[in-house]
Amino acid sequence: MTKAYNLFNDRRKSLRKPFKAQVTLKLSDFIKGSGYLKDVTIESACIVAPELFAFLRPEQSDIFQDAELAVCLPSESLNLRGKIIRVSPFENELAITILQTSNDEKWMEICR
């Protein structure tokens, strides 16, 4: 019997790097919160953000899909702007694609 190690085809261009850092989030003038980065790539980041999901029912979380999100990493003196590409309300997670950084070199250093 052979072991099946690759059960699915991972379509990501870059492998994710585990990276924990506290972040503050701003979805709009009214929706703000905090959370932490879970993992990163040059093109994207996964963010655990319980505060953003606290007052929404899981079926309402699709309002976040395709929205722009401002992310501040105070410990790294870095700001990111991204577009939400995945919402997982039961895990309190968002995945964003990175549109802009305040310091590209710093972001590249974090993602290596």
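Residues numbered from 1 in each chain as written. Predicted model: local features only at pLDDT ≥ 70, side-chain atom pairs only at ≥ 80, totals over all residues. Heavy atoms only, no water.

> Please give an account of the pairing of strand β4 (residues 68-73) that cites residues and values.
With burial as the criterion, only one face of β4 is covered, namely that bearing Leu 69, Val 71 and Leu 73; the residues Glu 68, Ala 70 and Cys 72 on the opposite face remain uncovered. Sheet topology note: the strand β1 (residues 17-26)/β4 ladder contains three bridges and is antiparallel. Opposite Thr 24, over in β4, you have Cys 72 as the bridge partner. Sheet analysis places β4 next to strand β5 (residues 78-88), joined by six bridges and oriented antiparallel. Bridging across to β5, Glu 68 finds its partner in Lys 83. Between the antiparallel neighbours β4 and β5 lie four residues, among them Ser 77 with a positive phi of about 50 degrees. (Buried < 20%, exposed > 50% of the residue type's maximum accessible area, 1.4 Å probe, protein only. Helix = DSSP H or I, 4+ residues; strand = E, 2+ residues; numbered from the N terminus. Pairing = 2+ DSSP bridges.)

> Tell me what's going on with the nonpolar core, and back it up with residues and numbers.
Membership of the largest hydrophobic core comes to 26 residues, with the highest contact counts inside it found for Ile 47, Leu 69, Val 71, Leu 73 and Trp 107. Elements represented by at least two residues in this core include exactly β1, β2 (32-40), β3 (44-48), α1 (50-53), β4, β5, β6 (93-101) and α2 (104-111). Not counting residues up to four positions away in its chain, the partners in contact with Val 71 are Val 23, Thr 24, Leu 25, Ile 47, Leu 78, Asn 79, Leu 80 and Ile 96. (Core = buried A, V, L, I, M, F, W, Y, C linked by side-chain atoms within 4.5 Å. Contact = heavy atoms within 4.5 Å.)

> How would you summarise the side chain of Thr 41 if you had to cite specific residues and measurements?
Following the sequence through the fold, Thr 41 ends up in the loop between β2 and β3. We classify Thr 41 as buried; its relative accessible area is 2%. At 3.2 Å, the side chain of Thr 41 forms a polar contact with the backbone nitrogen of Glu 43. Leaving out residues up to four positions away in the same chain, Thr 41 has contacts with Ser 14, Leu 15, Arg 16, Trp 107 and Cys 111. (Polar contact = N/O pair within 3.5 Å; in protein donor to acceptor, adjacent residues only side chain to side chain.)

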